[in-house]
Amino acid sequence: MTSPEPIAFSIFGFDIMWYGILIAAAFLIAIYISYRRADRFSINPDEIFNLAIFLLPVSIIGARLYYVIFSWHLYAGKPLSVFNIREGGLAIHGGLIAGIICTFFFCKYREISVLNLADLILPAVALAQSIGRWGNFFNSEAHGGATDLPWGIYVDGTKVHPTFLYESIWCFMLFVFLSYMMDKRKFQGQISMLYGILYSLERFFVEGLRTDSLMIGPFRQAQVLSIVLIAICLSGYIYLHRKSNPVNNR
């Protein structure tokens, strides 16, 4: 299989990229699912739309800024290209970090439990990641090294690991699992910590196959961050399980 063209269609000479379509669709689906589930977490559904107004631009800016910081050599000679995100160049970890910060301040302002809201939206975020990863397929990016496996894809004439596909499948299974766990939730933060552990576990191994990793010296940045997040979320899971009062699921 070979990646298709990154351009979906053109309007008045302006190219509409599959990458942007998929990210927008993923975001809207995640918001809709979270809106529909809000009552189960005793959260006003309208607050999901209020959060979304800030979350989309902040997450995109965070994802782009993170990528640019760790790939500055690509932009040092042409700084204006920093603003051209239509060709890719978004780091999911940057988007997640920015989104978490945005959600934290939103919850503080609206007097909503941060952990409870995170438990609500993170399963839908996993689904959004599953959908959004296909933008990498259309851009012929975020792939692994050469492989002879039958599900490999061709990029520049070489058969490579479709690492975007591995992550897409994992994130979809993560969405299903975390959705199931919603009705089994014992304490606020349980879903959030599970998301952090399980997504980071997958990202650590898949990142080892990629050929375009952002680096911290000799180390792959995403793998380092994944180890840190696993440690933080595992510790958080244990702490919250011991300290938090049980929740009432509806």
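Residues numbered from 1 in each chain as written. Predicted model: local features only at pLDDT ≥ 70, side-chain atom pairs only at ≥ 80, totals over all residues. Heavy atoms only, no water.

A few points about the pattern of salt bridges
Under the defined criterion, the tally for this structure stands at seven salt bridges. A salt bridge links aspartate 183 to arginine 40; its shortest N-O distance comes to 2.8 Å. Placement of the pair is aspartate 183 in the loop between helix H6 (163-181) and helix H7 (190-207) and arginine 40 in the loop between helix H1 (18-37) and helix H2 (46-70), with a sequence separation of 143 residues. Salt bridges sharing common partners tie together Arg203, Glu207, Arg210 and Asp212. (Salt bridge = Lys/Arg side-chain N within 4 Å of Asp/Glu carboxyl O. Helix = DSSP H or I, 4+ residues; strand = E, 2+ residues; numbered from the N terminus.)

Structural notes on helix H8 (residues 221-243)
With 23 residues, H8 should cover 33 Å at 1.5 Å per step; its first-to-last C-alpha distance of 32 Å lies within 8% of that length. Taken together, the buried positions of H8 are occupied by Gln221, Ala222, Gln223, Leu225, Ser226, Cys233, Gly236 and Leu240. Where H8 is buried, its residues meet H2, helix H3 (92-110), helix H4 (114-132), H7, strand S5 (215-216) and strand S6 (219-220). (Expected span 1.5 Å × (residues − 1). Buried < 20%, exposed > 50% of the residue type's maximum accessible area, 1.4 Å probe, protein only. Contact = heavy atoms within 4.5 Å.)

Considerations on the state of the cysteines
By definition, a disulfide links the sulfur atoms of two cysteines through a covalent bond. Summed over all chains, the structure comprises zero disulfides. Not part of a disulfide, cysteine 102 finds its nearest cysteine sulfur in cysteine 107, a span of 9.2 Å. Relative accessible area serves as the criterion here: at 11%, cysteine 102 is assigned to the buried category. Left unpaired, cysteine 233 is separated from the closest cysteine sulfur, that of cysteine 171, by 14 Å. On the basis of relative accessibility, which here comes to 9%, the residue cysteine 233 falls in the buried class. (Disulfide = S-S within 2.5 Å.)

Things to note about the packing of H7 against H8
The contact between H7 and H8 brings their axes to 8 Å, and the two run at 155 degrees. Of the possible angle classes, the one that applies to H7 and H8 is roughly antiparallel. For the pair H7 and H8, the crossing hand works out as left-handed. Between H7 and H8, the contacting residues are Gln190, Met193, Leu194, Gly196, Ile197, Ser200, Leu201, Arg203, Phe204 and Glu207 on the first element and Ala222, Gln223, Ser226, Ile227, Leu229, Ile230, Cys233, Leu234, Gly236, Tyr237 and Leu240 on the second. The residue inventory of the contact of H7 with H8, partitioned by class, reads 13 nonpolar, six polar and two charged. (Axes fitted to C-alpha atoms, helices over the stretch in contact; angles between N-to-C directions. Parallel < 35°, antiparallel > 145°, perpendicular 65-115°, else oblique. Left-handed = near helix turned anticlockwise from the far one by under 90°. Nonpolar A, V, L, I, M, F, W, Y, C, P; charged D, E, K, R; others polar.)

What to know about the side chain of serine 213
With respect to the secondary-structure elements, serine 213 resides in the loop between H7 and S5. Among the residues examined, serine 213 registers a relative accessible area of 14% and is labelled buried. In this structure the side chain of serine 213 is engaged in a polar contact, spanning 2.6 Å, whose partner is the side chain of glutamate 207. At a separation of 2.7 Å, a polar atom in the side chain of serine 213 contacts the side chain of arginine 220. (Polar contact = N/O pair within 3.5 Å; in protein donor to acceptor, adjacent residues only side chain to side chain.)

Structural notes on the nonpolar core
In terms of nonpolar packing, the biggest core is built from 19 residues, with Ile33, Ala126, Leu174, Phe175, Leu178, Tyr195 and Tyr199 touching the most fellow members. A total of six residues in this core trace back to one element, the largest contributor, which is H4. Among all residues touching phenylalanine 175, those that are not within four sequence positions of it are Ile33, Arg37, Pro123, Ala124, Ala126 and Leu127. Counting 17 residues, the second-largest nonpolar core is a separate cluster that includes Ile43, Ile48, Leu51 and Cys102. (Core = buried A, V, L, I, M, F, W, Y, C linked by side-chain atoms within 4.5 Å.)

Digging into the side chain of arginine 210
With respect to the helices, strands and loops of the structure, arginine 210 is situated in the loop between H7 and S5. Residue class for arginine 210 comes out buried when judged on its relative accessible area of 12%. With residues near it in sequence (within four places) discarded, arginine 210 still touches Arg133, Ala142, His143, Gly144, Thr163, Arg203 and Arg220.

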